[in-house]
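# Descriptive structure summary
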Amino acid sequence: MKQNRRQFIGQVGMASILAAESFPFLRLASKAQAGDLLPKLPTAPRYTPHSVPLPLPGRLAPTVLDPAPGSPAASLGSAAVYHGIAPEYSRSHPAHKPYWDKSPERHYEMAYEESLHEWVPGIQTPALGYNGLVPAATIRLRVGEPAVVRVTNKVDIEASVHLHGGHNPSHADGHPCFYVFPGQSRDYYYPNVLPSHPVTGEADFSHANSTLWFHDHANDVTARNVIHGLAGFALMTDDLEEKLFADRILPALDTADGQQSPYDVPMAFIDQALNPDGTIFWDPLDADGRLGNILTVNGAAQPYFEVERRKYRFRWLGCSLARVYELRIVRGSTDIPLLQISNDGYLFPQPELVSSVLLIPGKRADVIVDFSKFEAGTKLYLQNIMQQSNGRKPDGIDPTQPMNLVEFRVKGQAVRNDVSVGLGSALRPYIPIEASEVTATRRFDFNRSNGAWQINGQFWSPFRSDAVIPSGTTERWFLQNNAGGWWHPAHIHLENHQIVSINGVKPKKVWSYLCDTSPLEGNMVIEVLVRLRTFTGPFVFHCHNNNHEDMRMMSQIETVPRNPVTGLPMPPMLNGKSFSVDPAVCGIPARDIEANPHLFH
Ligand SMILES: [Cu+2]
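Keep in mind that this is a model prediction, so the values were computed, not measured.

Moving on: the overall build of the protein. Helix and strand counts for the protein stand at nine helices and 35 strands. For the protein, with 601 residues in total, the buried portion stands at 50%. For the protein, the share of sequence-separated contacts (at least 6 apart) that also reach a separation of at least 24 residues comes to 76%.

Structural data, given as structure tokens:
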């Protein structure tokens, strides 16, 4: 299982993945051309569905980092080579916010580790996990409380941690080339600030996030790393959401001792595939998108979950590389109503009643499910009714061919004093992004070339900024997919976005608020508004079919500060050939570049 990017490139007979503009191995990767060279998906091992309980990830325990983040012993050039600096913490930095000084930092520590994990009962599978856990322990974050996560890489593969949905500095965003190298550590600084509203300058509380997740995002190897287990939840709250807990409108998130509440349940869906020897089936030449044949939730194949007769908050995460889910809960053949309360972690103004939820790779949906009226002993099923026969795109919804994910077993008496959330409950007020703020319009065409993937006719390059954007501006982007053969879930880093239209038509309500991953189906144009704020530097956006992403369907924006004297945008750091980096401004350690001969020399 040990295979880093260089070894992988060696296997496919290429000296440098970035040297050739035409990417010959990507042409080889086309299934149509490679034909029988490519291995077939192995038969899934036999097991009894719903024989193991739903695993519930614990919490990553806060710690005290030693040496302290930012101290000389934990800075660039130190013996430990702690990458990552946090210039925004300096009072002189333009992105510094006074309230960063008020809260103590929360410190966390986790490591990339090899482990054994049972995706299927009784089969020990070599895995990769944060602290060896699949999924990782959940990181608890709070708006207004900066956090530093020290990540150590104890495996023989380049690594980078992306906090998906976070509004974070470039150096801490999990850029695919800002690595945690094997044997080294990196401090990820999460300021956990709300961006400022562009007109009022006030903290933009509509943009406070709740359900985030983190996963590996290293160049070329993201798909392989994620399918081996490198993903976990990060749950954030602000005062407003905590009041919803205190008022018993939503189930509390934390127990008294800082653990996950039993009524607020994250569920990560990933489809796994195992070789006969129990190892993970992995086809490095699969450019279509990796599809597995074992449906897992929180790392267990088709678990069961005992529920009390009350309301639960489920945080659903599409963790699969290519599989698209249409999720419903049924009792017998009857759909149970779902109250969707958020999209990608952004709470709606009020819950929306839905019968099913589309979950593309990378996406989250929080729903409230009420089990109170079911007698003890009742069984209900969380099902996927989206059919899919290859990684390119789903075949469509077929409710007559459901796939069970979780069996719910109702127990006990109806609970008194349940939380009150229902249709009409006031959750988070929404202040829309306005068209009048827009200063630039861009088009990004997600297209196919040479059996691989491009955006606007170009393969991903870390040297190139495809859009240089003055920080603090709002833009209108058209994300378009002119081909019908593939879906490309489009994920934008740094900022959420608001969908204005899909193929010229207003989106359905649950997609009309903020999100960070747009459902770009075949022959679709999605018009979005996005504010680029707070942090400057390079940030990527990409297809979240992780195979497409690794096969170059990724682009890069660079948000630049304005010259304080002239007011003009500063020149970008990325000039197409190399990085020109001023760590004091952007916080990207020059060492990241010096240490990476493959990408930067
Ligand atoms: Cu794609």
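Okay, the environment of V221 next. If you trace the backbone, V221 turns up in the loop between β8 (211–216) and α4 (222–227). The sequence separation of V221 and A159 amounts to 62 residues, and the corresponding C-alpha distance is 8.6 Å.

Quick look at the pairing of strand β10 (residues 264–272) now. Looking along a regular strand, one sees side chains alternate from face to face of the sheet. Across the nine residues that make up β10, a large majority, nine, are buried. Examined bridge by bridge, β10 and strand β14 (residues 311–318) share six bridges and lie parallel to one another. Within β14, the position partnered with P266 by the bridge is R315. Pairing geometry for β10 and strand β11 (residues 294–297), over four bridges, is antiparallel. Bridge assignment links Q272 to a residue of β11, and that residue is I294.

What follows deals with the pairing of strand β3 (residues 125–130). Summarising burial for β3: five of the six residues are buried, a large majority. Where strand β2 (residues 106–117) meets β3, six bridges bridge the pair, whose relative direction is antiparallel. Of the residues in β3, the one forming a bridge with E113 is G129.

Counting 135 residues, the largest nonpolar core has V149, A234, F269, W316 and V367 as its most contacted members. In this structure, W316 is in contact with M267, L327, V357, L359, R364, A365 and V367, ignoring residues within four places of it in sequence.

The next subject is the environment of N481. In this structure, N481 sits in strand β28 (residues 473–481). Sequence separation of N481 and I526 is 45 residues, and the distance between their C-alpha atoms is 8.9 Å. When near neighbours in sequence (up to four residues on either side) are disregarded, N481 contacts F446, H488, L520, E521, G522, N523 and M524.

Read across the open sheet, the seven strands follow the order β12-β11-β10-β14-β20-β17-β18; overall the sheet is mixed. The outermost strands of the open sheet, each flanked by one partner alone, are β12 (300–301) and β18 (346–354). Relative to β18, strand β17 (residues 338–343) is paired through five bridges, and the arrangement is antiparallel. Each residue of the ladder has a partner; that of L338, found in β18, is V354.

Our focus in this paragraph is the sheet that holds strand β35 (residues 554–560). An order of β27-β35-β34-β29-β32 is seen for the five strands of this open sheet, with the pairing classed as mixed. Every other strand in the sheet has two partners, leaving β27 (467–470) and β32 (517–520) as the edge strands with one partner each. Across the sheet, the mean angle separating the axes of adjacent strands is 25° when strand polarity is ignored. Pairing of strand β29 (residues 488–492) with β32 involves four bridges; the strand directions are antiparallel. Along β32, the bridge assignment pairs H491 with T517.

When the pLDDT values of the protein are averaged, the result is 87; 84% of them are 70 or greater. Confidence drops under pLDDT 50 across residues 1–37; counting only partners more than four residues distant or on other chains, this segment forms 48 contacts. Low confidence marks residues 581–588, where pLDDT is under 50. Its contacts with residues over four positions away, or in another chain, come to 25 contacts.

In this structure, the amide linkage connecting D66 to the following residue, P67, adopts the cis form with an omega of 5°. Tracing the sequence through the fold places P67 in the loop between α3 (31–34) and β1 (82–83). That bond from V134 to P135 is cis: its omega, -10°, falls within 30 degrees of zero. Positionally, P135 belongs in the loop between β3 and β4 (139–142). Located in the positive-phi region is Q302, a residue other than glycine, with phi close to 40°. Of note, Q302 is situated in the loop between β12 and β13 (304–309). The buried category is assigned to Q302, around which 24 C-beta atoms lie within 10 Å.

What counts and what doesn't
Residues numbered from 1 in each chain as written. Predicted model: local features only at pLDDT ≥ 70, side-chain atom pairs only at ≥ 80, totals over all residues. Helix = DSSP H or I, 4+ residues; strand = E, 2+ residues; numbered from the N terminus. Buried ≥ 20, exposed ≤ 12 C-beta atoms within 10 Å, placed from the backbone. Contact = placed C-beta atoms within 7 Å. Pairing = 2+ DSSP bridges. Core = buried A, V, L, I, M, F, W, Y, C linked by C-beta atoms within 7 Å. Axes fitted to C-alpha atoms, helices over the stretch in contact; angles between N-to-C directions. pLDDT = per-residue confidence, 0-100.

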